[in-house]
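# Structural characterization, general
The lines below spell out each chain.
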Amino acid sequence: MLEFTYEALPARVVFGSGSLERLPEEAARLGLRRALVLSTPGKRALAEDVARRLGERAAGIHAAAVMHVPIEVALAGRAEAARLGADGYVAIGGGTAIGLAKGIALATGLPIIAIPTTYSGSEMTPVQGITEGGLKRTTRDPRLLPKVVIYDPELTFGLPPGVSGPSGMNAMAHCVEALYAPNANPITSLMAEEGIRALGASLPLVVREPRDPEARAQALYGAWLGGAALGAIVMGLHHKLCHVLGGTFDLPHAETHTLILPHAAAYNRQAAPAAMARIARALGASNPPAALFDLARSLGAEMRLAAFGLGAADLDRAAELAAQSPYPNPAPVTREGVRALLQDAYDGRRPAG
């Protein structure tokens, strides 16, 4: 008998070319009068455009988001929001900017409008990661879920191929892990499989033709599905390990997800045959972990963990941290197993058939 529990996350999605034009009406719909615009320093020009569109509804710009949301950055953002009397946040950029918005909202409970310019998927989850003392810890809280997400494929046209590929593979990782989560259900699995299909078909086109509007729309659609599926399930080994590598060793977020994904899939292959069958169907491949590896490599992604400057002692430490606390995963998580996974990733070894 079919039995499952599915809790839909109450986010409003505005998707389509040129949808940034709808920002003022969406802000008005939420009743925002003093929205703080958030971005990374490199996206300040975009933040200024957003503030201009908001007009009198913009309280100011805080272009100080940093990868992995160090606690000091989150505290500074909260202080700035309080100083300006912000009644909500508009985050434009990738997971870094949206992560900062969540880091501020964690303390205030005020609403977020997210405008993604990458494929991170953070905008569709109630999950926040903050790094403190060299460790990245995650929090799940419904207040962190953006109230409105504006997906405008035109905002991704300027994303370079070297960023688009890993960002899209990061979204692919959300889909893959959603398929074998212990609380996966038919709805999240539909979204995850369709997300893998859309991303697998569109990312090679995005890398070859960065301004192809249909490819960009399909990639953003896949990223939305991945984020929505991830937001409804609990995360396993892949995300735990990437949080360790990012929070403790300051590795780049999307690139780390890209590199670890095939090896995490290989780790779980025997324990999650139904998930592997869906990945194989979505990608048209017989060996899902190898297909994920080949796709990432075809996008120009770095597939050797060694290239990020880690040493053997770092791999030992990462394996220890990843195996310290229990968390759901199809295959049992052991220090020895994770250490072997990391060695394969370190060497850039393609998963065997």
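Residues numbered from 1 in each chain as written. Predicted model: local features only at pLDDT ≥ 70, side-chain atom pairs only at ≥ 80, totals over all residues. Heavy atoms only, no water.

The N-to-C vectors of helix α5 (residues 161–179) and helix α6 (residues 186–208) enclose an angle of 165 degrees; their axes lie 9 Å apart at closest approach. Comparing their axes, α6 and α5 come out roughly antiparallel. For the pair α5 and α6, the sense of crossing is left-handed. Judged by residue contacts, Pro-161, Ser-164, Gly-165, Gly-168, Met-169, Ala-171, Met-172, Cys-175, Val-176, Ala-178 and Leu-179 of α5 engage Ser-189, Ala-192, Glu-193, Gly-195, Ile-196, Leu-199, Gly-200, Leu-203, Val-206 and Val-207 from α6. (Axes fitted to C-alpha atoms, helices over the stretch in contact; angles between N-to-C directions. Helix = DSSP H or I, 4+ residues; strand = E, 2+ residues; numbered from the N terminus. Parallel < 35°, antiparallel > 145°, perpendicular 65-115°, else oblique. Left-handed = near helix turned anticlockwise from the far one by under 90°. Contact = heavy atoms within 4.5 Å.)

For any pair of aromatic rings, geometry is given as the distance between the ring centres together with the angle between the planes. For the structure on display, the rule yields two aromatic pairs. Ring geometry for Tyr-221 versus Trp-224: centroids 6.2 Å apart, planes at 55 degrees, classification tilted. You can see Tyr-221 and its partner Trp-224 sitting in helix α7 (residues 213–231), three residues apart, about one turn around the helix. Note on Tyr-221: relative accessible area 24%, which makes it partly exposed. (Phe/Tyr/Trp six-rings, centres within 6.5 Å; stacked < 30°, edge-to-face > 60°. Buried < 20%, exposed > 50% of the residue type's maximum accessible area, 1.4 Å probe, protein only.)

Read from one edge of the open sheet, six strands run β1-β8-β5-β4-β2-β3, paired in parallel fashion. On the outer flanks of this sheet lie β1 (12–15) and β3 (58–62), each paired with one strand and no other. Across the sheet, the mean angle from the axis of one strand to that of its neighbour is 15 degrees, orientation sign disregarded. Bridge count between strand β5 (residues 112–116) and strand β8 (residues 148–151): two bridges; the pairing is parallel. Following the sheet pairing, Ala-114 is matched in β8 by Val-149. Most of the contacts of helix α3 (residues 71–84) go to β3, to which it runs at about 155 degrees, and overall it touches β2 (35–38), β3 and β4 (88–93). Against the sheet, α7 touches β1 and β8, its axis set at about 170 degrees to β1. (Pairing = 2+ DSSP bridges.)

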